[in-house]
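# A closer look at the structure
The lines below spell out each chain.
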Amino acid sequence: MTDPEIKQAVLDIIQDIAGLDDMPEIKGDVALRDQIELDSMDFLDIVMELRKRHKIEVPEADYPKLATLDSTVQYIKEHQKA
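Residues numbered from 1 in each chain as written. Predicted model: local features only at pLDDT ≥ 70, side-chain atom pairs only at ≥ 80, totals over all residues. Heavy atoms only, no water.

What follows covers the nonpolar core. By size, the foremost hydrophobic cluster in this structure holds 21 residues, and its most contacted members are Val10, Leu50, Val58, Leu66 and Leu69. Listing elements by their share of this core, those giving two or more residues are helix H1 (3-18), helix H3 (40-54) and helix H4 (69-79). Top element by residues in this core is H1. It accounts for five residues. Ignoring anything within four residues of it in the chain, the contact list for Leu69 reads Lys7, Val10, Leu11, Ile26, Lys27, Gly28 and Leu32. (Core = buried A, V, L, I, M, F, W, Y, C linked by side-chain atoms within 4.5 Å. Buried < 20%, exposed > 50% of the residue type's maximum accessible area, 1.4 Å probe, protein only. Helix = DSSP H or I, 4+ residues; strand = E, 2+ residues; numbered from the N terminus. Contact = heavy atoms within 4.5 Å.)

On inspection of all chains with the given rule, the structure shows five salt bridges. For Asp3, the salt bridge is made with Lys77, and the minimal N-O distance between the two is 3.4 Å. With Asp3 in helix H1 and Lys77 in helix H4, this residue pair connects regions lying 74 residues apart in the sequence. Across the pair Asp62 and Lys65 runs a salt bridge whose closest N-O atoms are separated by 3.6 Å. (Salt bridge = Lys/Arg side-chain N within 4 Å of Asp/Glu carboxyl O.)

Backbone geometry at Lys55 places phi at a positive 50°, although glycine is not the residue there. Residue position: Lys55 is located in the loop between H3 and H4.

Following this line, the structure appears as structure tokens:
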């Protein structure tokens with residue numbers, strides 16, 4: 001997948017989990033929790049969806065690497081199976 005495809009997939013997951021009708025513009029380098037209302041359960045649901053859809057393992061120690069949209073895209077890109 002290309003970076004724009006990964007980014008859109010992540011945004012789709014966030015929109016589904018957060019229950020947003022209209023997705024606000026998400027800045028890539030700002031923490032997601034600072035841009036939209038996500039509680040810890042929402043964040044865990046997003047991680048679980050990333051695991052399921054992209055077939056990657058995300059250990060708890062790596063959760064901080066998923067703080068922003070850009071870092072999440074980079075993480076998926078580095079860990080997706082070729």
